[in-house]
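An overview of the molecular structure
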Amino acid sequence: MSEIDSPSTEPASSTMRIVRACLFLFRLTLQRQVFSRQTLVNLGLTIVCGMIVAAWSYRGHRTAMGFSDYMLLPTYISFLMPIFAISYGSSAIGGEREDQSLIYLLVTPIPRAAIYLTKAIAVSLLVAIWSGSTLALLCWLAGEPGKTLLPIYLPASLLAGLMYASVFLLLGAMFRHGTILSLAYWFFLEVLLIQMPGTVKRITVAFYLRCMLFDAGKTYNLGLRTPADVEMFAAISGESAMWVMICAILALTTFGAYAFSRREYTELG
Amino acid sequence: MVDNHPQRAVTTLDQAGYRPWTGTLRSPWWSVLAIVRVALGLIMRRWLFWGLLGLGLLNFLYHFSFIYLKATLVVQSRDFARFLDGFKLTGTGEAYMTFMHVQAGIAALLLAFAGSMLIGADTRHGGMIFYLSRSMDRKHYIIGKLLSIAAIVSLITTVPALILYIEYGVLSNSFDYFVENWTIARGILGFGLVLATVQSLLLFAVASWIPRTVPLAMTWLGIFVLLTALGRALREMAGDRRWMLLALWEDMLRIGHWAFGSLPENRIPTGTETAVVLVGVCLVSLALIVYRVKAVEVVR
């Protein structure tokens, strides 16, 4: 009798087989996502953003506050970072559904929750690398103001990027047109609600991201300056915002794994 | 086992009931209407379309209620009505223009969805081969698809704006509003035409080259958001307002101002410069579409 068939070694080897399968899936997901059209589009968008920052920093006397207000907040935080998360988050499972290759993944003996978690880790890694490296590039192009702002923006951007990725991965797994729903979520909730008064904006990622940024950038007078702005935004402390985001990432990933393992993908057959 | 005997094969075909078309063939231009009908049906079958349309119509409901409120207050308090005239539903009709501009943003989001479904899916799943195997030319296919996209844009921008215009007119005591403010109707139709033409050509061009949903949506939004930011940055760097011509979204808005008659004459970039840029974009998009829409994949 071979070692594989031996009942005494089966539980341990079965776990190891799943771990190895998950590692293979992790590598495959990274490979498929990196060598894809969305990577090319991401690269193109990053280059255009780099050109915008280079054009902005061409004239001298630029301040960290100006770089934050006119460059990083409108282009990177409000547009580029969510787009990176949508490009990899919603297509991780949504792309498999679109290509009708999800069925091959589901018939493997890997538990569905493990498939989801593996994809979540791969997507998070990609989003973190793209967000971090793009931010570093933009800050480098901006010169001195960029160097000042990079340590302030980096932790908040990475955390928000991961949270966006978990939201969009969940939407991609739950709904057939996850990408469009992700775009709708970003446009209607993230872009519109953040401009509204009151506590309604607390359901957005952008709110917690800004809270972290404004708290960390107090020294450079980033963000809220007038009493009206402060009252309108109703910010919470940076530390609280950070913990909310960490808890939300964990909760969204757990819920996503549960939902993915329970959902019946009827359109695949 | 395959029956290769010609006599028996003919008999089998006869038994199957195949026969030539004996009716009068209509012009292939009628196929354009069929393409539009099928495309709209395809989009309207999705609950997502209705969800996005519903979100888009929130803005319409807000304006609809405001006009009703204003019409009621005009009767009760003339002073208050004059205060509300800041919301320009008369004269150059700035309120309609702002409304259409906001609606166009929502339409752009919906087009990311429509583009992947109407154009991208045809390219990826071979729908284009089916269309081009019929007795129609690719120009019919292209025009049909362009009209489908234009119809979606108009459904969200032009049609609601026209409804608001008619609502405001019929809630006044006479029909003078329509006579005195006919330029507003011209503006709504003109701006609507620009939005529909530019967006449909641009979307078709992008979706035929980038058919997958995620990269398509990213490119589509990137064109509007980042080109605007790039135009602003270059304008500030070079001190030349003509760099704003890069911002296609603002170009369409500028032409909209021109259609409503509210574009300042000497403001740079001028209406003519903007029109030249938009026509150029449309021609390049059309060239990309014509190059891409080919039946060569039939050979595959």
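Look up: the structure comes first, before these words.
The sections below set out a description of the structure shown in this document. Since the model is a prediction, treat every value here as computed from it, not as a measurement.

**Observations concerning the overall build of chain B**
Each helix and strand in chain B was counted, giving 13 helices and 0 strands. Reading chain B from its N terminus to its C terminus gives the helix and strand order α-α-α-α-α-α-α-α-α-α-α-α-α. Residues counted as buried form 47% of the 300 residues belonging to chain B. Element-wise, carbon and sulfur atoms account for 66% of the exposed surface of chain B, whose accessible area totals about 15,500 Å².

**Topic: the interface of chain A and chain B**
Across the boundary between the two partners, chain A contributes 36 residues, which contact 33 residues of chain B. The junction of chain A with chain B conceals about 3,000 Å² of combined surface from both sides, 77% of it contributed by carbon and sulfur atoms. Our count for the chain A to chain B interface comes out at 1 salt bridge. Its salt-bridge partner being Arg62(A), residue Glu236(B) comes within 3.2 Å of it at the nearest N-O pair. Counting across the chain A and chain B interface gives 2 residue pairs in polar contact (both at pLDDT 80 or more). Looking at the side of chain A that touches chain B, the elements with two or more residues in it are α2 (37–57), α3 (64–98) and α7 (178–193) of chain A. Among the residues making up the side of chain A that touches chain B, the classes are represented as 21 nonpolar, 9 polar and 6 charged.

**Side note on the packing of helix α3 (residues 47–76) of chain B against helix α5 (residues 94–125) of chain B**
Residues and elements named next belong to chain B. The interhelical angle for the contact between α3 and α5, taken along N-to-C directions, is 170°, at an axis separation of 10 Å. The pairing of α3 with α5 is recorded here as roughly antiparallel in orientation. Residues Leu48, Phe49, Leu52, Gly56, Asn59, Phe60 and His63 of α3 form the contact with α5, whose own contacting residues are Ala95, Phe99, Val102, Gln103, Ile106, Leu109, Leu110 and Phe113. Looking at side-chain class alone, the contact of α3 with α5 contains 11 nonpolar, 4 polar and no charged residues.

**Some points on the nonpolar core**
In terms of nonpolar packing, the biggest core is built from 167 residues, with Tyr153(A) and Tyr141(B) touching the most fellow members. Beyond its immediate chain neighbours, meaning those up to four positions away, Tyr153(A) contacts Ser68(A), Leu72(A), Leu73(A), Ile77(A), Leu135(A), Leu213(A) and Leu222(A).

**So, the side chain of Ser87(A)**
Tracing the sequence through the fold places Ser87(A) in helix α3. Taking the relative accessible area as the measure of exposure, Ser87(A) reaches 0% and is therefore buried. A polar contact of 3.2 Å, which involves the side chain of Ser87(A), links it to the side chain of Asn42(A). Contacts of Ser87(A), omitting those with residues within four sequence positions, involve Gln33(A), Gln38(A), Asn42(A), Val214(B) and Met218(B).

**Looking at the pattern of salt bridges**
Counted according to the given criterion, the structure contains 9 salt bridges over all chains. The residue Lys145(B) makes a salt bridge to Asp122(B) at a minimum N-O spacing of 3.0 Å. With Lys145(B) in helix α7 (residues 138–156) and Asp122(B) in helix α5, this residue pair connects regions lying 23 residues apart in the sequence. Take Lys145(B): its relative accessible area is 2%, and that puts it in the buried class. One continuous salt-bridge network, built from bridges that share partners, spans Arg32(A), Glu96(A) and Lys119(A).

**Some words on the environment of Val290(B)**
Residue and element names in this part refer to chain B. With respect to the helices, strands and loops of the structure, Val290 is situated in helix α13 (residues 271–292). When the C-alpha positions of Val290 and Ser208 are compared, they lie 9.8 Å apart, and in sequence the two are 82 residues distant. Setting aside chain neighbours within four positions, we find Val290 in contact with Arg138 and Ile142.

Calculation rules
- Residues numbered from 1 in each chain as written.
- Chains lettered and ligands numbered in written order.
- Predicted model: local features only at pLDDT ≥ 70, side-chain atom pairs only at ≥ 80, totals over all residues.
- Heavy atoms only, no water.
- Helix = DSSP H or I, 4+ residues; strand = E, 2+ residues; numbered from the N terminus.
- Buried < 20%, exposed > 50% of the residue type's maximum accessible area, 1.4 Å probe, protein only.
- Areas by Shrake-Rupley, 256 points an atom, 1.4 Å probe, with all protein chains shown as cover.
- Contact = heavy atoms within 4.5 Å.
- Buried area = accessible area lost by both parts, 1.4 Å probe.
- Salt bridge = Lys/Arg side-chain N within 4 Å of Asp/Glu carboxyl O.
- Polar contact = N/O pair within 3.5 Å; in protein donor to acceptor, adjacent residues only side chain to side chain.
- Nonpolar A, V, L, I, M, F, W, Y, C, P; charged D, E, K, R; others polar.
- Axes fitted to C-alpha atoms, helices over the stretch in contact; angles between N-to-C directions.
- Parallel < 35°, antiparallel > 145°, perpendicular 65-115°, else oblique.
- Core = buried A, V, L, I, M, F, W, Y, C linked by side-chain atoms within 4.5 Å.

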